[in-house]
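Chain residues, written in single-letter form:
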Amino acid sequence: MSGFCMDKVKNAVLTGASKGIGKKILEKLALEKINVWCLCRTWSEEFSEYIEKLEKENGVWIKHVFCDLSSENSIRTAASTVLLDKNAIDYLINCAGINYRNSFLMTSAEDMKNVFQVNYYSPIRLIQLLAKNMIRNGGGKIINISSASGFEHNIGTFAYGASKNALNWATETMSRELAPFGIVVNGVAPGITDTDINKGNEVEIEKVISNMNIHRKANPDEIADIVMFLLSDKASYISGHIIRVDGGRVK
Ligand SMILES: NC(=O)c1ccc[n+]([C@@H]2O[C@H](COP(=O)([O-])OP(=O)(O)OC[C@H]3O[C@@H](n4cnc5c(N)ncnc54)[C@H](OP(=O)(O)O)[C@@H]3O)[C@@H](O)[C@H]2O)c1
């Protein structure tokens, strides 16, 4: 892709790098010679080997910072670890998320809180904790991964859709608050993408796909490419938008 100015070494913070869309974003960041702190709770031996390979092939560092996004304490500790490194944070990509399908009446308060904690509070808390580093270093770019569900009102998506809709609102509002500090905030809202998050929902997914303009799932590359475009200098005039990458979900 390039479109990334190579005047200085760039560093990114990424959540959700262990698999799916986040893993593809990690791979593409490394290809652009961008160092990455991966805020992950899962880090297998196989994943470590994959990281070592990415580091060697691309001449970057990729650090694992343990972070369970369902815990405020863990988020704070992870953010402190990143800040202690004293490197500039150029990019923050909040990709981690959890799916939750249930009817409104059957959605417990506990489940709703958990979905909101991971999908909504964790990205905004990370932004609050890390933006000061960006401000000190003259700015940065933030991408929040939302969902097409955040724009729709489909039965069974009450907690998930609401959490992503709230994230969209936060993304747009933060883009205004943080713009004076040189921080650009945008969102990417994927549609159905071929990752583990959709396991077990095949029947629902087929129904959605049949109503789309493009009758197939996205592959994670197609989502990660848009994230990379938004991070790149090619997107220098885009701020406060949520880009829908959903195969044409026309209502
Ligand atoms: N795939 C789709 O169809 C689709 C559609 C719309 C939006 N999205 C959004 O895209 C993003 C990425 O999802 P994906 O499709 O790549 O799903 P995925 O393959 O299931 O990956 C989800 C990622 O989030 C991480 N995560 C979940 N809970 C966490 C927690 N408590 N602490 C730390 N990390 C946690 C997972 O880490 P572990 O490995 O530790 O579980 C994993 O890395 C999500 O925000 C999702 O809502 C996906």
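Everything here concerns the structure above.
Thresholds applied
- For every chain, the first residue of the written sequence is number 1, and numbering continues from 1 onward in sequence order.
- With the structure being a predicted model, the display of local features is reserved for residues of pLDDT at least 70 and the display and counting of side-chain atom pairs for 80 or more, all residues being used for whole-chain, interface and lining totals.
- Side-chain measures were taken over the full set of non-hydrogen atoms in the model, leaving aside hydrogen atoms and water.
- Only a single heavy atom is needed: when it lies within 4 Å of a molecule or strand, its residue is near that molecule or strand.
- By the criterion applied in these results, polar contacts are pairs of N or O atoms within 3.5 Å in which, for protein atoms, one can donate a hydrogen and the other can accept it, and in which residues neighboring in sequence qualify only through two side-chain atoms.
- All accessible-area figures derive from a Shrake-Rupley calculation using a 1.4 Å probe, and residue coverage is judged against the displayed protein chains alone.
- Under the grouping applied here, Gly and all other residues not named as nonpolar or charged are polar, the nonpolar ones being Ala, Val, Leu, Ile, Met, Phe, Trp, Tyr, Cys and Pro and the charged ones Asp, Glu, Lys and Arg.
- The distinction between a cavity and a pocket rests on a 1 Å grid over the protein atoms alone: a 1.4 Å probe fits inside a cavity but cannot get out, while a pocket stays open yet meets protein on both sides within 12 Å along at least five of seven lines, and a residue with an atom within 4 Å of a point counts as lining.
- Grid points are joined across faces, edges and corners, and a volume is the space filled by probe spheres set on the points.
- Any two strands with at least two DSSP bridges between them are considered paired.
- Here a strand is any run of E in DSSP of at least two residues, a helix any run of H or I of at least four, and the numbering for each starts at the N terminus.
- Between the N-to-C directions of two axes lies an angle of 0 to 180 degrees, each axis being a line fitted to C-alpha atoms and, for a helix, fitted only over the stretch in contact.
- Whether two residues are in contact is decided by their heavy atoms: any pair within 4.5 Å suffices.
- Residue types Ala, Val, Leu, Ile, Met, Phe, Trp, Tyr and Cys, when buried and joined through side-chain atoms within 4.5 Å, form a set referred to as a nonpolar core.
- Exposure is judged per residue with a 1.4 Å probe applied to protein chains only, and the accessible area is read against the type maximum: over 50% gives exposed, under 20% gives buried, and values in between give partly exposed.
- An angle below 35 degrees is treated as roughly parallel, one above 145 as roughly antiparallel, one from 65 to 115 as roughly perpendicular, and anything else as oblique.
- By the definition used in this description, the sense in which the near helix is turned from the far one sets the handedness, with an anticlockwise turn below a right angle giving left-handed and a clockwise turn giving right-handed.
- A helix is expected to reach a length of 1.5 Å times the quantity of its residues less one.
- Here, the arc refers to the directions that run from the helix axis to the C-beta atoms.

## Here's the deal with the site of the ligand
Thought 1: In the vicinity of the ligand, 29 residues are found, and the nearest of them are S18, T42, Y160, T193 and T195.
Thought 2: Here an oxygen atom of the ligand and a backbone polar atom of G191 are 3.4 Å apart.
Thought 3: Protein burial of the ligand: of its 890 Å² of free accessible surface, 94% is covered by the chains.
Thought 4: Split into classes, the residues belonging to the shell around the ligand amount to twelve nonpolar, twelve polar and five charged.

## Some thoughts on the layout of surface pockets
Thought 1: Of the pockets and cavities examined, the second largest pocket occupies roughly 260 Å³.
Thought 2: K10, Y91, G139, G140 and K141 are, among the 15 residues lining the second largest pocket, the residues nearest its centre.
Thought 3: Taken together, the residues of the lining of the second largest pocket break down into four nonpolar, five polar and six charged.

## Comments concerning the sheet that holds strand β3 (residues 62-66)
Thought 1: Spatially, seven strands are ordered β3-β2-β1-β4-β5-β6-β7 in an open sheet, and the strand pairing comes out parallel. Strands with a single pairing partner mark the edges of an open sheet, and in this sheet they are β3 and β7 (242-245). Strand-to-strand twist in this sheet, taken as the mean axis angle between neighbours without regard to direction, amounts to 20°.
Thought 2: Lying over the sheet, helix α5 (residues 158-178) contacts β5 (140-145), β6 (183-190) and β7, oriented at roughly 160° with respect to β6.

## Things to note about the nonpolar core
As a rule of thumb, nonpolar side chains are buried together in soluble globular proteins.
Thought 1: If you look at the biggest cluster of nonpolar residues, it comprises 33 residues, and the most contacted ones within it are L14, I25, L26, L29, I93 and L231.
Thought 2: Looking at this core, the elements that each hand over two or more residues are β1 (10-15), α1 (20-31), β2 (34-40), α2 (45-58), β4 (91-94), β5 and α7 (220-231).
Thought 3: Of the residues forming this core, the biggest block, six residues, is contributed by α7.
Thought 4: Among all residues touching L26, those that are not within four sequence positions of it are L14, A17, V36, C38, F47, Y50, I51, L54 and I62.
Thought 5: A78, L92, F116 and A170 belong to the second largest nonpolar core, which has 30 residues in total.

## Concerning the side chain of N58
Thought 1: By the element assignment, N58 lies in helix α2.
Thought 2: For N58, a relative accessible area of 7% translates into the label buried.
Thought 3: Ignoring any residue separated from it by four or fewer positions in sequence, one finds N58 in contact with A30, L31 and K33.

## Some thoughts on the packing of helix α3 (residues 72-84) against helix α4 (residues 109-136)
Relative orientation and spacing of two packed helices are given, respectively, by the angle between their axes and the distance between those axes.
Thought 1: For the pair α3 and α4, the least separation of the axes is 10 Å and the interaxial angle reads 30°. Viewed along their axes, α3 and α4 adopt a mutual orientation that is roughly parallel. You can see that α3 and α4 cross each other, and the crossing is right-handed. Facing E72, I75, R76, A79, V82 and L83 of α3, the residues of α4 in contact are Q117, S122, R125, L126, L129, L130, K132 and N133.
Thought 2: Each residue belonging to the contact of α3 with α4 can be placed in one class, and the counts come to seven nonpolar, three polar and four charged.

## Quick word on α2
Thought 1: Taking 1.5 Å of rise per residue, 14 residues should cover 20 Å, and α2 covers 20 Å from first to last C-alpha, within 8% of that figure.
Thought 2: Those residues of α2 that sit buried are F47, I51, L54 and N58. The arc that holds every buried residue of α2, seen down its axis, measures 60°, which confines them to one face. Seen from the buried face of α2, the exposed residues on the opposite side, beyond 90 degrees, are E45, E46, K56 and E57.
Thought 3: Packed against the buried residues of α2 are α1 and β3.

Read these as layout, nothing more, since geometry by itself doesn't imply function.
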